[in-house]
Amino acid sequence: MPNLRHDAARDPALEAALTRAIRGHIRGQTPSVKIAKFPDEGLAPVYAFRRIGSTMDVAHELASQGASEGTLVWAARQEQGRGRLGRTWVSPEGGTYCSVILRPNRPPAEIPQLSLVAGLATAEAIRELAGVSPAIRWPNDVLLDGLKVAGILVEARGAAVVVGIGINVTTDPADLPPNATSLKKVTITFSASPVDVTGALYRRFRAWYDVWYRSGFVPIREALRPLMGLFGEPIQLSTASERLRGVASDLDEHGRLLVRLDAGPVRPFEMGEVTLLR
Ligand code: BTN
């Protein structure tokens, strides 16, 4: 059993509720598929906190001590939530803030695909519980009405990969940045809790991760295509070295964004920050 620095801050009641929530199968599907890569149903270790700095840090600490694949770290509130590119992830009460430890044993070039695997699971969980269809803005944003409702952060250290997912569930929009929204804000009848959302999210992530592990990115791309909000849209793409304009056209079989550049051909991009130009 890993010896966690934050052990005393764990919340056993929350851990029991989350363990119940993540157990079982995706609603509406027969439990016929044995998920090979994750622990059996309900056996994933869960570490839950009323508040913590960042679930990413706890997950990395656990991973460095050998925590098993599928281990879930969850917080009701984060004091140092972080996003991509060194940004802060504002994490007040009402959100789902979780990190899942993976040991994918895949070439480093494939690891960024996990951001899209998680985006797919997040969008589907939101659709299941809130009845609304979010759009995915490559590579890691989940949007409702053009505003960010969830974000994904993938960090690899050694053989372990930590996938962090933040979803604004019942969060008061006044507590969020202006470009963000919450499920409660966009769906008046929404009644699920952050724990319920985590259950739906984890089960879908486990299933899609297994598909990715067995069959690669192509089936993920097929499922993602209808959710990609960008295709056919004029965009600006900023990378570490360039700022380019064009029209986003598709994902390739590696999860790279294909952009028909204003100044020339279609080019694949592995990383970057997309702004819609409409
Ligand atoms: C982004 O959109 O830039 C990524 C945001 C990722 C936020 C999640 S919340 C759970 C986990 N812990 C963190 O500190 N960050 C991720």
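Residues numbered from 1 in each chain as written. Predicted model: local features only at pLDDT ≥ 70, side-chain atom pairs only at ≥ 80, totals over all residues. Heavy atoms only, no water.

### Thoughts on the site of the ligand
Turning to step 1, where the next piece is worked out: Taken together, 21 residues lie around the ligand, and S54, Q78, R82, R84 and K148 are the ones closest in.
Turning to step 2, where the next piece is worked out: In this structure, a nitrogen atom belonging to the ligand sits 2.9 Å away from a side-chain N or O atom of Q78.
Turning to step 3, where the next piece is worked out: Within the side chain of N140, a nitrogen or oxygen atom sits 3.4 Å from an oxygen atom of the ligand.
Turning to step 4, where the next piece is worked out: Summarising the interface, the protein chains cover 98% of the accessible area of the ligand, which totals 410 Å² for the free molecule.
Turning to step 5, where the next piece is worked out: Listed by contribution, the elements that provide at least two residues to the shell around the ligand are α2 (55-64), β3 (95-102), β6 (147-157) and β7 (160-168). (Near = heavy atom within 4 Å. Polar contact = N/O pair within 3.5 Å; in protein donor to acceptor, adjacent residues only side chain to side chain. Areas by Shrake-Rupley, 256 points an atom, 1.4 Å probe, with all protein chains shown as cover. Helix = DSSP H or I, 4+ residues; strand = E, 2+ residues; numbered from the N terminus.)

### Overview of the pattern of salt bridges
Turning to step 1, where the next piece is worked out: The tally for this structure, following the rule as stated, stands at 22 salt bridges.
Turning to step 2, where the next piece is worked out: For the salt bridge of R50 with D11, the shortest nitrogen-to-oxygen distance reads 3.4 Å. In this pair, R50 is assigned in the loop between β1 (46-49) and α2 and D11 in the segment before α1 (12-22), connecting sequence segments 39 residues apart.
Turning to step 3, where the next piece is worked out: Residue E222 is joined to R221 by a salt bridge in which the shortest nitrogen-to-oxygen separation is 3.6 Å.
Turning to step 4, where the next piece is worked out: Judged by relative accessible area, R221 falls into the buried class, the value being 14%.
Turning to step 5, where the next piece is worked out: Counted as one network, the salt bridges with shared partners bring together D11, R50, R77 and E93. (Salt bridge = Lys/Arg side-chain N within 4 Å of Asp/Glu carboxyl O. Buried < 20%, exposed > 50% of the residue type's maximum accessible area, 1.4 Å probe, protein only.)

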